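Inside the fold
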Amino acid sequence: MDNEESGLNEKPLEFFTSMSGTGGYCDGQAVIPDGDHYRAYCLCGHWEVEAPTQKEGLRLCRVHTGSVPA
Ligand SMILES: [Zn+2]
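Throughout what follows, the structure given in this document is the object of discussion. (Residues numbered from 1 in each chain as written. Predicted model: local features only at pLDDT ≥ 70, side-chain atom pairs only at ≥ 80, totals over all residues.)

1. A look at the overall build of the protein chain
Selection rule: A run of H or I in DSSP counts as a helix once it spans at least four residues, and a run of E counts as a strand once it spans at least two, with each numbered from the N terminus. Whether two residues are in contact is decided by their C-beta atoms, placed from the backbone, lying within 7 Å.
The secondary structure content of the protein chain amounts to two helices and four strands. Along its sequence from the N terminus, the protein chain presents helices and strands in the succession α-β-β-β-β-α. Nonlocal contacts in the protein chain, meaning residues at least 24 apart in sequence, comprise 21% of its contacts between residues at least 6 apart.

2. Some words on the pairing of strand β4 (residues 48-51)
The condition is simple: Strands are labelled as partners when DSSP assigns at least two bridges between them.
With four bridges connecting them, strand β3 (residues 37-42) and β4 associate as antiparallel partners. Residue pairing across strands places Y41 opposite E48, the latter belonging to β4. The turn joining β3 and β4, which pair antiparallel and follow one another in sequence, is formed by five residues; a positive phi near 80° is taken by G45.

3. Here's the deal with the environment of I32
Take I32: it is sitting in strand β2 (residues 28-34). Distance from I32 to E50, taken between C-alpha atoms, is 9.7 Å for residues 18 residues apart in sequence.

4. Describing the pairing of β2
The pairing of β2 with β3 spans six bridges and is classified as antiparallel. Paired with V31 across the bridge in β3 is A40.

5. Digging into the nonpolar core
As a reminder of what qualifies: Any set of buried Ala, Val, Leu, Ile, Met, Phe, Trp, Tyr and Cys residues joined through C-beta atoms within 7 Å is what this text calls a nonpolar core. Note on burial: count the other C-beta atoms lying within 10 Å of the residue's C-beta; 20 or more is buried, 12 or fewer is exposed, in between is partly exposed, and C-beta positions come from the backbone.
If you look at the biggest cluster of nonpolar residues, it comprises seven residues: C26, V31, Y38, A40, C42, L60 and C61. At the level of elements, β3 and α2 (54-65) are the ones that each hand at least two residues to this core. Among the elements that line this core, the one with the most residues is β3, at three residues.

Everything listed here is a matter of geometry and, on its own, says nothing about what the molecule does.
Structure follows, in structure tokens:
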């Protein structure tokens, strides 16, 4: 047994792939710490936002890709 699975959600740098099947440029997003907040951006290169928390950054990523309604 290892702890890899439980550690997945604790990494400060998190990439994930959109499952929405858009097939466009939004192949992945990242949320990175930036001072006292986080910065989220998309591989499409046309989207970057600041977020107060990593969780909010991830939510904004999903909104950006259309995975969840804004
Ligand atoms: Zn994008």
